[in-house]
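# Structural features, examined
So the chains spell out like this:
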Amino acid sequence: MRATDNQGSFLNRISIRRNQVVSMDGNHEQELQDLELFQKQVADRFSDLLSSSSEDGADALLSVSWLRKLVDVFLCCDADFKAVLVVGRDPSQISKPPLDRLVPEYLDRVVKALDVCNAVSHGVEAVRHYQKLAEIAVSAFEQRPIFDGQVRRAKKALNSLMLTLEEQEGSNLKSAERTWSFGRRTANITDRALPGRVHSLSWNMAKGWSAAKQIQAMSANLVMPRGAESSGLASPVYIMSTVMVFVMWALVAAIPCQERNGLPTYFPWPRQQGWAQSMVALQEKISEEWKKKREKPRLAGLLEETQRLERLGQSLIEFAESFQFPTGAEGFEEVVAQVAELAETCKKMEEGLVPLQQQIREVFHTLVRSRTEILHVLDQGGKVSAPPM
Amino acid sequence: MEPPPEDCRIPLDAAEKIILAWDSTACEEARDRMIFESDPQEVDRYLQAVDEIQRSLSSTSLDSQSGNKVNATIKIAMARLEDEFRNILFTHTSPFETDSFTSITVDPSSSVHSSSSSSFNSATPRSPSAELGDLVDDHFGGGDLEDASRRSSYRSTSSIREIDLVPSDAIFDLRSIADRMISAGYLRECIQVYGGVRKPAIDASFRRLGIEKLSIGDIQRLEWEQLETKIRRWIRAAKLCVRVLFASEKKLCEQIFEEMGTSVDDTCFLETVKGPAFRLFSFAEAISKSRRSPEKLFKTLDLHDGLMNLIPDIDIVFESKSSESIRIQAAEILSRLAEAARGILSEFENAVLREPSRVPVPGGTIHPLTRYSGDPTTPDMEFAELEGKTPFALHLIWVIVILQFNLEGKSKHYKEAPLAHLFMMNNVHYIVQKVQGSPELREMIGDDYLKKLKGKLRQAATSYERASWMGVLHCLRDEGLSVSGSFSSGVSKTALRERFKQFNTMFEEVHRTQAAWLVPDVQVREELRISISEKLIPAYRSFLGRFRSHLESGRHSENCIKYSAEDLETAVLDFFEGNPVSQNMMRRRSH
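Residues numbered from 1 in each chain as written. Chains lettered and ligands numbered in written order. Predicted model: local features only at pLDDT ≥ 70, side-chain atom pairs only at ≥ 80, totals over all residues. Heavy atoms only, no water.

## Quick word on the overall build of chain B
Threshold: A run of H or I in DSSP becomes a helix once it reaches four residues, and a run of E becomes a strand once it reaches two; helices and strands are each numbered from the N terminus. Exposure categories follow from relative accessible area, calculated using a 1.4 Å probe and restricted to protein chains: below 20% of the type maximum is buried, above 50% is exposed, and the middle band is partly exposed. By definition in these notes, contact holds between two residues if any of their heavy atoms fall within 4.5 Å. Here the accessible surface of atoms and residues is derived via Shrake-Rupley with a 1.4 Å probe, and residues count as covered only by protein chains that are part of the display.
Of regular secondary structure, chain B possesses 22 helices and zero strands. Burial statistics for chain B: of 591 residues in total, 54% are counted as buried. Of all intrachain contacts in chain B linking residues separated by at least 6 positions in sequence, the fraction that spans at least 24 positions is 81%. Surface summary for chain B: the accessible area is close to 27,100 Å², and the carbon and sulfur share equals 53%.

Structure below.
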C-alpha cells in the first residue's frame, strides 16, 4: 500500500519509513536475544552433561543414567528449538533462503533419526539380554556356601555372555561349536537354536540398513552458517542439527546397533563456539573410547555397564576356572567384591534400561511431532499461487 | 510332579551314577544320544535320579564335601536337562512348510477361543506346522482371487485361533524338565533356552508372512501405490499374527509352564513375543506418521479399521500386566491413525475452501481439486468410526459442498459466462460420476443429495446454452425482418442480409471459441452437442428455407449465406474437443 501511495508529502513518506525501520530493529533485537538464549541453554545443558561424566561426577560417561540425561537434554533442546523456529513465527520467513534449503535438510535428518531411535530401541533389548546372563552368574555366586556346581553354572552363563559380547554380525560357527555341550549325529543343527547367541541384531532393522551410514548421512551437509547467515535463523537450525547428530551418534556408540562398522569418530564441529565446547569435549572422549575398542572387534557397544559386565565377567571366569571346593580364603574377598559390583551393575541396568527405552520412544514421538509442526509452517508459508496437487 | 512311590526311589549313589553317565562334557557316548529320544524307561530313570539328588540336597549338611558333590551333580543334571529341553523344543519347532498348498478346510467351530483343557486332545491329524502353513498360504491366496482368499482368510482369522504348536507328548516331557529346573533354581536358564528356540521361529514365520522390516526412510521413499499394497498385506498378516501366531505362542507357554511359579509362562511369552510385536506394529506406526495428502485417506482408514478390529484380540492375547506396553502401543497407533485420517480430511477441506487460484482452468475442464475429491479405489472399504459412521459421511458431503462453493467462485473468474457454466457442468458431472461409480460413496452420500447434484448439472447445462446460443439464435428470429410489420409486404433485403451476416459472425465466433473448450466426458459432450444441434439446426434450416429465396435473386447472395444446415451440423462436431480450430475450417461452402 505504502509503495503505491504517491500522495502525501515527502516528509510523510520519510517518517513512515523511519517507523518501519524502528519496528524492524525492535523485532530484530528480540530475535537476536532469543537466539542467544537458545545457544546459552544448549551450552549449559551440555556443560552439565560433561561435568556429570567427569571423575567424581554422578554418572559415568555413557552409562545408562548418563544416557538418560543425554536424551533429556535432547528433548529440552528440541522444545527450545521449536520455540525459536516455529512459535509466533511468520511462515514466510522460514521459506526464504537460506532456510528454504536448510529446513528441509533438517527435516530429512529428523527422519533418519527416527530409524536410529528404532535401532537403538532394539539394541536396548540386546543389552537386557546381557544383563540376564549376568544375573544368572550373580545368583549362582551369591549362594552360600559356594559349591562347585554353582561356580560352574556361573561360568557357563558368563561364557555365554562373553560370546554374545564378541559376536559378529551374521552367524559365527565357532561360537556354535563351543556352546553346544556335545555334537550331534544328525545334521539338524542350525545356528538358530544355539544358546547364548544373541538373537541376531541384523534381523531387526531392514536388510542393508547401517547405523554408521545413517549417522554419516545425517551429518552430511552440516555446515556452519557463515557471515550474514549466521545471525539469522540458520544458526539455531545448525545448532539443533548438530545436537541431534551428536545424541544419535552417542546412542549408537553405546548401544549395539545393526552395522556400526565405519561409525565416524570425527566431526568438524566448531569447538570454539560457546555452545559447542562441552559437546565437542564429550564427543572427543567418546571417540577415544571407541577407537580403543576398535582393536578388538566388539559390537557390544560402549555402554558403561556393558563394559563393566565384560571386565567383571572375564575376571570371574578366571576365578571359576581355578576354583575348587571349598573356597580358599585368599583372593576370595576380591571375588565377593566383584560379584557385588556385578550385582550392582545389573541392578542399575534393571532400573534404567526400560525407562531408557521409554525415553527413546518419547524422542521418536517428539521428533515426529516437530517434523509435522515444521512441515505445517512450511506449507503455510509456501507458494500460494499454484493449486495444491 | 508327584514323587514316585517309595519303592521306586533310586538310592543316592545310583542316582549320581546315572547323572554322571549322561554328563556330556565327560562322556563321549552321552554326547551322541539324547535321553528323551531313548526309550521311556531311560527317561524315567533319569528323572528319578534328578529327583533323588534334589531331595538329598535338602538333607545334606551344607558345608561338607558331599554337599559339594551333590551340588556339582545337580549342576551337571541341569546342564543336561537344559540341552534336552532345547532339543525337544527345537525338534518340534519348524518354520511353515511350503509344500502344503492345499486349501484350508476350516472347521468353523474350531475358531472359538479354546480352553487349555482341550489342548492335549487336539484332533487335528496334521502337523501344526502344516496347519499354520496352510493358513499362511491361504493368506497369500490362490492366485489373484483376492476375494476367494479373503473369504477363507476371514473364516480362519476372524477370531483368535490357537494352534497346538507342539504335540502333547512333547509338552509333557518339556513340563517334566521345566519343573525340575525351576525347582532347582535354574529358572533363568530355562527362560533363556525357551526364548532362544522360539524367537527365531517367530522370525521365520514373520518372513513367511511377508512382514518386512522397513525403515522409516524406506517407507518415505516408496510410492503411495506400493505402500497401499503393503498396507493391504500388513492388515492380513497382522490378523494372522495376533490371532493365530501370538495366541498360539501364548498357549504354548501356558502349556509348558503352567503352575510353575509366579507367571513364568507370562515371562516366557513376553520374552519371546515382545520384539516381534513391536516390529509388527511399527509398520502401522510409520504409516500413521507419513506426510499427509488426500489420496492417502481411504487406505489410512483401512489400516485404522484393520487395527481397530484387532484391538480386542490384542487385549486378550496381551492381557497380563507385563504386556501392558504392547497394548498401549497398539492403542496409541490406533489413535494416531485416526488423527492422521482426520488431519488429511481437514487439510483437504481447508485446501478446498481456501484454494485461492484465480487462474481459471483452461478450456473449462475439470479442476484438479475436483479430481481429488472423489477418487476412492478400493472396493472392499470398511469405513472407520472416527466419531461414528454417519458423521463421516456428513463430513464428506460437507467437503463436496465446499468444493462446489469453491468451484462456483472459480467459475466467476471466467470472462465468458458460457465457459463458466461449462466449467461447473464438467466438475459437477465428475463428482456425480464418481459417486455413482462407488457403491460405498453412494450409500454414504445418499440418493437425495445425488439428485441435488444432478439438478445442479442440468441447471449449468441450461445456463450454458442460454448464455452461448441466445444471441446466435436471436439472429434467426422473425421480428424485424419485414418492411412494414407483416411479411406480405415483403422482407427487407438489407435487414435480411444483416441478419445472415450477424449469424455467420456470431456462429463463427462461438465455433472458434468453443471448439477449444473441453468437456472431458464423452457422453456429456455428445449430449451437449445434440442439444445444441436440436435447437440450432432446425431453426437455421427453417430460416434458410423461408428467406433464402429472397436473397438468391439479388446480388451478393453468396456473401451472406455462407453455410448450409449440413455445414453447421458438421461444425457442431468440433465443439468441446479442446482443439482450437483455424478460421479456414469454417470457410466451407456447399449448397
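## Some words on the packing of aromatic side chains
Residues and elements named next belong to chain A. Worth spelling out the cut-off: Centres within 6.5 Å make a pair out of two Phe, Tyr or Trp rings, where for Trp the six-membered ring is used; the pair is then stacked when the planes are under 30 degrees apart, edge-to-face when over 60, and tilted otherwise.
Within the structure shown, the criterion is met by 25 aromatic pairs over all chains. Taking 5.4 Å as the distance between ring centres and 85° as the angle between the ring planes, the aromatic pair formed by tryptophan 249 and phenylalanine 267 counts as edge-to-face. Here the residue tryptophan 249 occupies a position in helix α8 (residues 234-254), and phenylalanine 267 occupies one in the loop between α8 and α9 (277-294), the gap between them amounting to 18 residues. Phenylalanine 267 matches tryptophan 249 in its accessibility class, with the two residues each being buried.

## A few points about the confidence of the model for chain B
It should be kept in mind that the predicted coordinates are not to be read in detail where pLDDT is low. All names here are of chain B. Quick reminder of the rule: pLDDT is a per-residue confidence score from the predictor, ranging from 0 to 100.
When the pLDDT values of chain B are averaged, the result is 76; 75% of them are 70 or greater. When the elements of chain B are averaged for pLDDT, helix α6 (residues 146-157) gives the smallest value, 44, and helix α7 (residues 168-183) the largest, 92. Contacts from residues 97-125, a stretch scored under 50 in pLDDT, to residues over four places away or in other chains number 35 contacts. Within the model, the stretch residues 374-389 combines pLDDT values under 50 with 35 contacts to residues more than four positions away or in other chains.

## Description of the pattern of salt bridges
Pairs may arise between side chains of opposite charge once their charged atoms sit close together. Put simply, the rule is: When a carboxyl oxygen of Asp or Glu is within 4 Å of a side-chain nitrogen of Lys or Arg, the pair counts as a salt bridge.
Inspection of the entire model under this criterion finds 45 salt bridges over all chains. Among the salt bridges present, the one from A:Arg361 reaches B:Glu285, with a minimum N-O distance of 2.8 Å. On the criterion of chain membership, the pair formed by A:Arg361 in helix α11 (residues 332-381) and B:Glu285 in helix α11 (residues 264-288) is interchain, its members lying in two chains. Each member of the pair A:Arg361 and B:Glu285 is classed as buried. When salt bridges that share partners are traced, they join A:Lys156, B:Glu82, B:Asp83 and B:Arg86 into one network.

## Some points on helix α18 (residues 447-474) of chain B
So the rule is basically this: One fewer than the residue count of a helix, multiplied by 1.5 Å, yields its expected span. Bend at a given residue is defined as the angle between two axes, one fitted to the seven residues that end at that position and one fitted to the seven that begin there.
For α18(B), with 28 residues, the first-to-last C-alpha span of 39 Å sits near the 40 Å given by 1.5 Å per residue. The sharpest bend along α18(B) reaches about 40° and sits at B:Ser468.

## As for the confidence of the model for chain A
Residues and elements named next belong to chain A. Of the residues in chain A, 79% have a pLDDT of 70 or more, and the chain-wide mean is 78. The least confident element of chain A, judged by mean pLDDT, is helix α6 (residues 173-179) at 36; the most confident is α8 at 93. In the predicted structure, residues 1-25 sits below a pLDDT of 50 and forms six contacts with residues beyond four places in sequence or in another chain. For residues 169-202, every residue scores under 50 in pLDDT, and the model assigns this stretch 58 contacts once sequence neighbours within four places are set aside.

## With respect to the state of the cysteines
Here a disulfide denotes one covalent bond, and it connects the sulfur atoms of two cysteines. Residues and elements named next belong to chain A. To be explicit about the condition: For the purposes of this analysis, a disulfide is any pair of cysteine sulfur atoms at a distance within 2.5 Å.
Inspection of every chain in the model, using the stated rule, returns zero disulfides over all chains. Here cysteine 76 stays unpaired: no disulfide links it, and the sulfur of cysteine 77, its closest cysteine neighbor, is 6.9 Å away. Its relative accessible area of 34% is what places cysteine 76 among the partly exposed residues.

## Comments concerning the side chain of B:Glu84
If you trace the backbone, B:Glu84 turns up in helix α4 (residues 65-91). Residue contacts for B:Glu84: discarding those within four places in its chain leaves B:Met34, B:Ile35, B:Phe36 and B:Ile177.

## Points about the packing of helix α2 (residues 64-85) of chain A against α8(A)
All names here are of chain A. Quick note on the threshold: Lines fitted to C-alpha atoms define the axes here, with helix axes fitted over just the stretch in contact, and angles between the N-to-C directions of these axes take values from 0 to 180 degrees. Small angles under 35 degrees read as roughly parallel and large ones over 145 as roughly antiparallel, with 65 to 115 read as roughly perpendicular and the rest as oblique. Left-handed describes a crossing whose near helix is turned anticlockwise from the far helix by less than a right angle; the clockwise case is right-handed. When residues are grouped by polarity, Ala, Val, Leu, Ile, Met, Phe, Trp, Tyr, Cys and Pro land in nonpolar, Asp, Glu, Lys and Arg in charged, and all others, Gly among them, in polar.
Close contact between α2 and α8 brings their axes to 10 Å; oriented N to C, the two are set at 160°. Between α2 and α8, the crossing angle belongs to the class labelled roughly antiparallel. For the pair α2 and α8, the crossing hand works out as left-handed. Listed contacts from α8 to Leu67, Leu70, Val71, Phe74, Cys77, Asp78, Phe81, Val84 and Leu85 of α2 are Pro236, Val237, Met240, Val243, Met244, Phe246, Val247, Ala250, Leu251 and Ala254. For the contact of α2 with α8, the residue count by class is 18 nonpolar, no polar and one charged.

## Here's the deal with unusual backbone geometry
For A:Asn221, which is not glycine, the phi dihedral falls at a positive 60°. Here A:Asn221 lies in the loop between α7 (211-219) and α8. The backbone phi angle of B:Ser263 is positive, close to 40°, even though this residue is not glycine. You can see B:Ser263 is positioned in the loop between α10 (224-257) and α11. Owing to a relative accessible area of 41%, B:Ser263 belongs among the partly exposed residues under this scheme.

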